[in-house]
Amino acid sequence: EKGGYDYFMLKEIAEQPKAVADTLLGRIDAAGSLTLDEVRISASELREVDKVVIVACGTAFHAGLIAKYAIEHWTRIPCEVELASEFRYRDPILDQQTLVIAISQSGETMDTLMALRHAREQGSKVLAICNTNGSTIPRESDAVLYTHAGPEVAVASTKAFLTQLVACYLVALYLGQVRGTKWGDEIHVVIRDLSHIGSDVERVLETMEPVRALARSLAHKNTVLFLGRHVGYPVALEGALKLKELAYMHAEGFAAGELKHGPIALIEDDLPVVVVVPSPRGRSVLHDKIVSNMQEIRARGARTIVIAEEGDEAVVPYADHLIRIPATPTLLQPMVATVPLQVFACELATARGNEVDQPRNLAKSVTVE
Ligand code: F6R
């Protein structure tokens, strides 16, 4: 059942190219437009939407944080992302023009369910992005877009996360398409890029041996920090979450721009810091700023583990360890940059003798608030 892998998590990491392709399947027509008829919210209702609110927990919340960048960029609709467990307790401002997106792999997470019930009580439309057919969250939503990751058994979410990103991007592009925003022409280009992502992930998976070796060499460490910027910031949060839940290590993700506002005080000799580097081609200003951050933390003793695009030579002098990922458009980078972090956490957990598929104190679906 584990298909020759030692753990379900490894199997599910390896299944990601297919999971991504399956989630795109049948949703793009021959002309390169999106066909999301399955989303039972009419085009006229979608044209009325003036705010998007994403609610989710854990890894699904990180997918939501990344989706915000895509939704606002492609649709120019303001988008908020909130932890489902916080949402209803602050009396959020919602009305009929608010589209609430609830992201959940299991479809049974109580916090997310309570958040969507609250949203519907206020008259908002709720679209579920879910991996489990017929589960409670899609049943109670106005509409659902299923991720087609297949069953995820390991407690730590991997392939579901990548497909949540794909689904969120499809929703963002679809909103752009039905509303005819100025990004309309860009949609076709993005759809083409999205359809290449599966093979990019495949290439990342082929180069993971050095990441495993590095993870094993860090098994005795107490703390690992993660830095990112723009869409790389939620990737840093996700890398840290994976390490906490699997390796039981102290791991924290920071927005790189926040370093000087506090976290840089944590840097000490030989502290491993994973840095997710933005593409030097897209927002090159951010790329250059993160290169300076690498200089700053290295000068204070950090051991940098750098995830950077192929061909990005500017990072080389500041990388103690360099993990290459294929060049992708900025908004799609999280889909390739997350993969080495999954492998890293899984290998560290193994090296520390932890139960990879069933981490202590955790359950696959959290059906209590
Ligand atoms: C992390 C993880 C959890 C879940 C969270 C939400 O690897 O698995 O953080 O992402 O409990 O679960 P779902 O997506 O089922 O609502």
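Anyway, here's the lowdown on the structure attached to this text. By convention here, each chain's residues receive numbers from 1 onward along its written sequence. Per-residue local features of the predicted model are confined to residues with pLDDT of at least 70, and side-chain atom pairs are confined, for both listing and counting, to 80 or more; whole-chain, interface and lining totals are unaffected and use all residues. With hydrogens and water excluded, all non-hydrogen atoms of the structure serve as input to the side-chain values.

Secondary structure follows DSSP: runs of H or I at least 4 residues long count as helices, runs of E at least 2 residues long count as strands, and numbering of each begins at the N terminus. Positionally, Lys-51 belongs in strand β1 (residues 51–56). A 3.5 Å cut-off defines polar contacts: any pair of N or O atoms within that distance qualifies, except that in protein one atom must be a possible hydrogen donor and the other a possible acceptor, and neighbouring residues in sequence count only when both atoms are side-chain atoms. Among the polar contacts listed, one links the side chain of Lys-51 to the backbone oxygen of Ile-93, at a separation of 2.8 Å. We call two residues in contact when some of their heavy atoms are within 4.5 Å. Residue contacts for Lys-51: discarding those within four places in its chain leaves Ile-77, Pro-78, Glu-80, Ile-93, Gln-97, Thr-98 and Leu-99.

The next subject is the sheet that holds strand β8 (residues 272–276). Pairing in this open sheet of five strands is parallel, and the strands run β7-β6-β8-β9-β10 from one edge to the other. The open sheet is flanked by β7 (250–255) and β10 (321–325), the only strands paired with a single partner. Within the sheet, the average angular offset between the axes of one strand and its neighbour, ignoring direction, is 20 degrees. To obtain each axis, a line is fitted to C-alpha atoms, and for helices this fit is confined to the stretch in contact; angles are then taken between N-to-C directions over 0 to 180 degrees. Strand contacts of helix α11 (residues 232–247): β6 (223–228), β7 and β8, with the helix running at about 175 degrees to β7, the strand carrying the most contacts. When DSSP finds two or more bridges between a pair of strands, those strands are recorded as paired.

Turning our attention to the nonpolar core. Formed by 96 residues in total, the largest nonpolar core has its most connected members in Val-52, Tyr-169, Phe-226, Leu-243 and Phe-344. In terms of residue count, helix α8 (residues 159–179) provides more of this core than any other element does, 14 residues in total. Beyond its immediate stretch of four places on either side in the chain, Phe-226 contacts Ala-236, Gly-239, Ala-240, Leu-243, Ala-251, Glu-252, Gly-253, Phe-254, Val-274, Leu-341 and Phe-344. Grouping buried Ala, Val, Leu, Ile, Met, Phe, Trp, Tyr and Cys residues that are joined through side-chain atoms within 4.5 Å yields what is termed a nonpolar core. Buried, partly exposed and exposed residues are distinguished by accessible area as a fraction of the type maximum, computed with a 1.4 Å probe on protein chains only: under 20%, between the cut-offs, and over 50%, respectively. Within the second largest apolar cluster, 19 residues are counted, among which are Ala-256, Leu-259, Val-277 and Ala-302.

The next point concerns the environment of Lys-289. Mapped onto the secondary structure, Lys-289 falls in helix α12 (residues 284–299). Residues Lys-289 and Thr-109, 180 residues apart in the sequence, show an inter-C-alpha distance of 38 Å.

With that settled, consider the packing of α8 against helix α13 (residues 333–351). Viewed as axis vectors pointing N to C, α8 and α13 meet at an angle of 170 degrees, and their least axial separation amounts to 10 Å. One element, α8, and the other, α13, form an angle in the roughly antiparallel class. Counting all contacts with α8, which are made through Phe-161, Leu-162, Leu-165, Val-166 and Tyr-169, the residues of α13 involved are Pro-334, Met-335, Thr-338, Val-339 and Gln-342. Class assignment for the residues of the contact of α8 with α13 results in eight nonpolar, two polar and no charged. By definition in this entry, angles of less than 35 degrees are roughly parallel, angles greater than 145 are roughly antiparallel, angles of 65 to 115 are roughly perpendicular, and the rest are oblique. Following the grouping adopted for this structure description, the nonpolar residues are Ala, Val, Leu, Ile, Met, Phe, Trp, Tyr, Cys and Pro, the charged ones are Asp, Glu, Lys and Arg, and the polar ones are all others, Gly among them.

What follows is about the site of the ligand. Around the ligand sit 13 residues, and of these Ser-104, Gln-105, Ser-106, Thr-109 and Glu-245 come closest. Within the contact set of the ligand, an oxygen atom lies 2.6 Å away from a backbone nitrogen or oxygen of Gln-105. Between an oxygen atom of the ligand and a main-chain N or O atom of Val-155, the distance comes to 3.1 Å. Within the complex, 89% of the 410 Å² of free accessible area of the ligand lies under protein. Going through the elements one at a time, α4 (58–75) and α11 are the ones with two or more residues in the shell around the ligand. A per-class count over the shell around the ligand returns four nonpolar, seven polar and two charged. Near, as used in this document, describes a residue that has one of its heavy atoms within 4 Å of the molecule or strand being considered. In short, Shrake-Rupley with a 1.4 Å probe defines the accessible areas, and a residue's cover is counted only from the protein chains shown.

With seven of its seven residues buried, strand β9 (residues 303–309) lies for the most part within the structure. Here β9 shows a buried face lined by Arg-303, Ile-305, Ile-307 and Glu-309 and a second buried face lined by Thr-304, Val-306 and Ala-308. In this structure, β8 lies alongside β9, joined through five bridges in parallel fashion. Paired with Val-274 across the two strands is Ile-305, which belongs to β9. Note: β9 against β10, five bridges, orientation parallel. By the bridge assignment for β10, Ile-305 is matched with His-321.

With that settled, consider the packing of aromatic side chains. Geometry of aromatic contacts follows a simple scheme: Phe, Tyr and Trp rings, the Trp one being its six-membered ring, pair when their centres are within 6.5 Å, and the pair is stacked under 30 degrees between planes, edge-to-face over 60, tilted otherwise. Within the structure shown, the criterion is met by one aromatic pair. Each ring, one from Trp-74 and one from Tyr-169, has its centre 5.5 Å from the other, and the planes form 85 degrees; the classification is edge-to-face. Highlighted residues: Trp-74 in helix α4 and Tyr-169 in helix α8, separated in sequence by 95 residues. Comparing Trp-74 with Tyr-169 shows no difference in burial state: the two are buried. If you follow Arg-360 out to its NZ or CZ, it ends over the ring of Tyr-248, 3.9 Å from the centre. By definition, being over a ring means that NZ of Lys or CZ of Arg is both within 6 Å of the ring centre and within 35 degrees of the ring normal.

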